[in-house]
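Examination of the molecular architecture
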Amino acid sequence: MTSDKQIVLLEIVKELLWLFISIVIALALMYPIMRLVHYSMIWLNALFLIVGLTYFRYAITLRTVYVLRNKWVRAAILLFNINFFVFVLRQEQRFMTIYDSYTVEDLGKPVKPISLEQTDQLIRYFFNEINFTVVFCLGMIAALSVRFVLAYWKTAHVRLNAGNEE
């Protein structure tokens, strides 16, 4: 029989492992940019990717995530998501300003001199990667929020209709 401390420890290890996997995926997606420039938006881009990947996992495995079993944690994340959704949208505007300038210097200082062809490929990759990242993150914020609301209403419906026989 496992104790509560062991369960919590295993849950922490599981979350850290998934965080590590999310970081590796984020770095892999940003690598084509990072190998050519000292990417100025690396932290924000990585944050959106990691949150999107984490929310994807949470939306799919909602009932098995230990920390999300508490309704107050879900409520706090739901409130956070409203503000975070707006924040991600505003940052998309910053990213598009970088794309619209079409200069490498706005992305970051080049690691070494790069040709015009590489610049074009880099800016196009940046555009595709950042749009994927933002849309993915916004979609997962919405999906997790909907999942929270549906889970709440499902349990509330069962409680409200308890004893109601038809």
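See the structure shown above.
Now for a quick tour of the structure. (Residues numbered from 1 in each chain as written. Predicted model: local features only at pLDDT ≥ 70, side-chain atom pairs only at ≥ 80, totals over all residues. Heavy atoms only, no water.)

**Description of the pattern of salt bridges**
Side chains that carry opposite charge are capable of pairing whenever their charged atoms lie near each other. Enumeration according to the criterion identifies three salt bridges in this entry. One salt bridge in this structure joins Lys-14 and Glu-11, with 3.3 Å as the shortest N-O distance. Of this pair, Lys-14 and Glu-11 both sit in helix H1 (residues 4-34), three residues apart, which is roughly one turn of the helix. Residue classification places Lys-14 among the partly exposed positions, given a relative accessible area of 27%. Across the salt bridge formed by Glu-15 and Arg-57, the nearest N and O atoms sit 2.7 Å from each other. Pair noted here: Glu-15 is in helix H1 and Arg-57 is in helix H2 (residues 42-60), with a separation of 42 residues, a long-range link. Given the relative accessible area of 10%, Arg-57 is considered buried. (Salt bridge = Lys/Arg side-chain N within 4 Å of Asp/Glu carboxyl O. Helix = DSSP H or I, 4+ residues; strand = E, 2+ residues; numbered from the N terminus. Buried < 20%, exposed > 50% of the residue type's maximum accessible area, 1.4 Å probe, protein only.)

**Topic: the layout of surface pockets**
Of the volumes computed, that of the largest pocket is approximately 440 Å³. Mapped by element, the contributors of at least two residues to the lining of the largest pocket are helix H3 (71-101) and helix H5 (116-160). For the lining of the largest pocket, the element with the most residues is H5, which contributes seven residues. The class makeup of the residues in the lining of the largest pocket is eight nonpolar, one polar and six charged. (1 Å grid on protein atoms, 1.4 Å probe; cavity = no way out; pocket = protein on both sides within 12 Å on 5 of 7 lines; lining within 4 Å. Points joined across faces, edges and corners; volume = space filled by probe spheres on them. Nonpolar A, V, L, I, M, F, W, Y, C, P; charged D, E, K, R; others polar.)

**Notes on H2**
An ideal rise of 1.5 Å per residue puts 27 Å on 19 residues; H2 measures up with 27 Å between its terminal C-alpha atoms. Judged by how many residues are buried, H2 sits mostly within the fold: 14 of 19 residues are covered. (Expected span 1.5 Å × (residues − 1).)

**Points about the packing of H1 against H2**
Packed helix pairs are characterised by how far apart their axes lie and by the angle those axes make with each other. Viewed as axis vectors pointing N to C, H1 and H2 meet at an angle of 135°, and their least axial separation amounts to 9 Å. The angle between H1 and H2 falls in the class oblique. The way H1 lies across H2 gives a crossing that is right-handed. The residues of H2 that touch H1, namely those facing Glu-15, Trp-18, Leu-19, Ser-22, Ile-23, Ile-25, Ala-26, Leu-29, Met-30 and Met-34, are Ile-42, Asn-45, Ala-46, Leu-49, Ile-50, Leu-53, Thr-54, Arg-57 and Tyr-58. Grouping the constituent residues of the contact of H1 with H2 by class yields 14 nonpolar, three polar and two charged. (Axes fitted to C-alpha atoms, helices over the stretch in contact; angles between N-to-C directions. Parallel < 35°, antiparallel > 145°, perpendicular 65-115°, else oblique. Left-handed = near helix turned anticlockwise from the far one by under 90°. Contact = heavy atoms within 4.5 Å.)

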